[in-house]
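Residue-level structure breakdown
Okay, here's what each chain looks like letter by letter:
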Amino acid sequence: DIYRDEPGLADLDFDSQCSRLFSSAFSTSDAYSQGLAALGCRTWEIICNADAAQGRWASDRGLSPTGIIHDQRRAIVAAQVEEFRPDVVYVFEWCPLGDRFIGELRDRVRLVAGEIASPLPKDRTFRGYDLVISSWPPIVGYFREEGIDAEHVRLGFDRRILDLDRLPPRETRFDVTFVGGFAESHPDRIPWLEQLLGEVDIDVFCYGIERTREDSPIRKHFRGQAWGLEMYRVLQQSKITLNRHARIDVRGTVNSEWCNNMRMYEATGVGTCLLTEWRPHLAELFEPDREVATYRDTVECAAKIRYYLDHPEERESVACAGQRRTLRDHLYTDRMAELRDHFERRLGLKRTFRSRSIVPTTLK
């Protein structure tokens, strides 16, 4: 979408293209590489499927990869790893590099780590990794049972989002929003939202609208998709925003005890009252009904929406407490310190790691 809206972007040099893509604040943006750099690591973040930028990098070095697009992407990433010579390659899954290529990287660098917190593709083994990171504890447990080294690192919020040149001063435009999507890992979101819309008005920003039926009330409340900075603006301009967790199948088992998605941190980070699905481990992240509002079923969700719309002081109290908690405990800068510690232990470089390098390889 960015390249479509900015026709001249693909003609710019590699660094300018990447800078523009990261400035969109899509997903984690470059929070990992910047957070690690602040800790003294030399970093380079690659968006391996940003084909215009990657192609420009390759052509500047006289490289002309051939084959299908995935082979071309792998060839360019291999050349970038060879040029940068990192100690660690960190891959965000799902990624088009594949198990075989990941395994080949282990011959070139000291540590290959991957991060995944979504349903595990059936055709992947992940055995090319030295270390798997996940914000979803059941995935960590699964990999450990499979004999693959794994650690739990939570998701977080990028403090840079609050810079005034990125988000304007807060003013509310929406009473209640749902910002998210409908995918296979969200089997109950559509009926949940349809039932809610029979009780309260909600502005819906989502992907996957084609999964809803033609006469679904969701379509009447659909306001398009919201990504990156636009998503943060929608959240910031909402009195209340809703959250419902995915049902992640980990090789045949669905665990619904944990809270784990980016929306919890994105919404609270910009100071919005988050109404989220209650789960047993929620209190490890936020204090229920003080730092985030909670619901256990659709009826309670509708009732909480009405209550907090009618009680603005209590709503703002929850929003402010949630933001304080996120800015205190849930920043990516803090998560990167955890991540570096995991690398240090495996590299045995407790005292010298500050001079080392990492390439986060990103599928955005």
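The text that follows walks through the structure, step by step, so that each part is easy to find. Because the structure is a prediction, the values reported are computed rather than measured.

Criteria and thresholds
- Residues numbered from 1 in each chain as written.
- Predicted model: local features only at pLDDT ≥ 70, side-chain atom pairs only at ≥ 80, totals over all residues.
- Heavy atoms only, no water.
- Helix = DSSP H or I, 4+ residues; strand = E, 2+ residues; numbered from the N terminus.
- Rg over C-alpha atoms; globule rule 2.2 N^0.38 Å.
- Buried < 20%, exposed > 50% of the residue type's maximum accessible area, 1.4 Å probe, protein only.
- Contact = heavy atoms within 4.5 Å.
- Areas by Shrake-Rupley, 256 points an atom, 1.4 Å probe, with all protein chains shown as cover.
- Lys, Arg positive; Asp, Glu negative; His and termini not counted.
- Charge placed at Lys NZ, Arg CZ, Asp CG, Glu CD.
- Axes fitted to C-alpha atoms, helices over the stretch in contact; angles between N-to-C directions.
- Parallel < 35°, antiparallel > 145°, perpendicular 65-115°, else oblique.
- Left-handed = near helix turned anticlockwise from the far one by under 90°.
- Nonpolar A, V, L, I, M, F, W, Y, C, P; charged D, E, K, R; others polar.
- Polar contact = N/O pair within 3.5 Å; in protein donor to acceptor, adjacent residues only side chain to side chain.
- Expected span 1.5 Å × (residues − 1).
- Pairing = 2+ DSSP bridges.
- Core = buried A, V, L, I, M, F, W, Y, C linked by side-chain atoms within 4.5 Å.
- Salt bridge = Lys/Arg side-chain N within 4 Å of Asp/Glu carboxyl O.

**Points about the overall build of the protein chain**
Summing up its helical and strand segments, the protein chain has 14 helices and 14 strands in all. Relative to the globule expectation of 21 Å for 364 residues, the C-alpha radius of gyration of the protein chain, 21 Å, shows essentially globular dimensions. Along the three orthogonal principal directions, the C-alpha set of the protein chain runs to about 60 × 45 × 40 Å. Across the 364 residues that make up the protein chain, the buried fraction comes to 54%. If you take every contact in the protein chain between residues at least 6 apart in sequence, the share linking residues at least 24 apart comes to 64%. Accessible area for the protein chain stands at about 16,300 Å²; split by element, carbon and sulfur atoms hold 47% of it. Between the centroid of the 52 positive side chains of the protein chain and the centroid of its 59 negative side chains there is a distance of 3 Å.

**Some thoughts on the packing of helix α4 (residues 51-60) against helix α5 (residues 69-84)**
Think of two packed helices as two axes; the pair is described by the angle between the axes and how far apart they sit. At their nearest, the axes of α4 and α5 sit 10 Å apart, and the two run at 55° to each other. Of the possible angle classes, the one that applies to α4 and α5 is oblique. Crossing angle aside, the handedness with which α4 passes α5 is left-handed. Two secondary-structure elements touch here, α4 through D51, Q54, G55, W57 and A58 and α5 through I69, R73, I76, V77, A79, Q80 and E83. For the contact of α4 with α5, the per-class residue count stands at six nonpolar, three polar and three charged.

**Looking at the side chain of S24**
Summarising the element assignment, S24 is placed in the loop between α2 (14-23) and α3 (31-38). Among the polar contacts listed, one links the side chain of S24 to the backbone oxygen of L21, at a separation of 2.6 Å. Contacts of S24, omitting those with residues within four sequence positions, involve I2, G228 and L229.

**Side note on helix α13 (residues 312-329)**
For an α-helix, 3.6 residues make a turn, and residues three or four places apart therefore share a direction. In this model, α13 (18 residues) spans 26 Å end to end at C-alpha, consistent with the 26 Å of a helix rising 1.5 Å per residue. The secondary structure elements touched by the buried residues of α13 are β9 (238-243), α11 (262-269), β12 (273-277), β13 (293-295) and α12 (298-310).

**Concerning the environment of R56**
When you line up the elements, R56 lands in helix α4. Along the backbone, R56 and D13 are 43 residues apart, and their C-alpha atoms lie at a distance of 6.8 Å.

**Some details on the sheet that holds β13**
Across the sheet, which stays open at both edges, the five strands sit in the order β8-β7-β9-β12-β13 with parallel pairing between neighbours. Because the sheet does not close on itself, it has two edges, and the strands there are β8 (203-207) and β13. Between one strand axis and the next, the sheet turns through 20° on average, direction left out of account. Here β12 runs beside β13; their pairing, made up of three bridges, is parallel. Opposite E277, over in β13, you have Y295 as the bridge partner. The sheet strands contacting helix α8 (residues 189-197) are β7 (174-181), β8, β9 and β13, and the helix crosses β7 at an angle near 165°.

**Structural notes on the nonpolar core**
Core analysis: the biggest nonpolar cluster contains 44 residues, and Y90, I161, Y232, M264, L339 and F343 have the highest contact counts within it. Residue assignment for this core shows that the elements contributing at least two residues are α3, β3 (88-92), β4 (111-115), β5 (131-134), β7, α10 (228-236), α11 and α14 (332-347). Other than its neighbours up to four places away in sequence, I161 contacts A25, R166, L167, L229, Y232 and V270.

**What to know about the pattern of salt bridges**
Evaluation of the coordinates by the stated rule reveals 41 salt bridges. For E82, the salt bridge identified is with R85, shortest N-O distance 2.6 Å. The class of E82 is partly exposed, set by a relative accessible area of 39%. Judged by its relative accessible area of 56%, R85 is exposed. In this structure, E300 engages K304 in a salt bridge whose closest nitrogen and oxygen atoms are separated by 3.7 Å. Remark: K304 and E300 occur in helix α12; sequence separation between them is four residues, near one turn of the helix.

**What about the packing of α12 against α13?**
Direction vectors running N to C along α12 and α13 enclose 105°, while the axes themselves pass 5 Å from each other. Taken as axis vectors, α12 and α13 run roughly perpendicular relative to one another. Judged by residue contacts, Y307, Y308, L309 and D310 of α12 engage P312, E314, R315 and V318 from α13. Classifying every residue of the contact of α12 with α13 gives five nonpolar, no polar and three charged.

Note that all results are geometric; they support no functional claim without further evidence.
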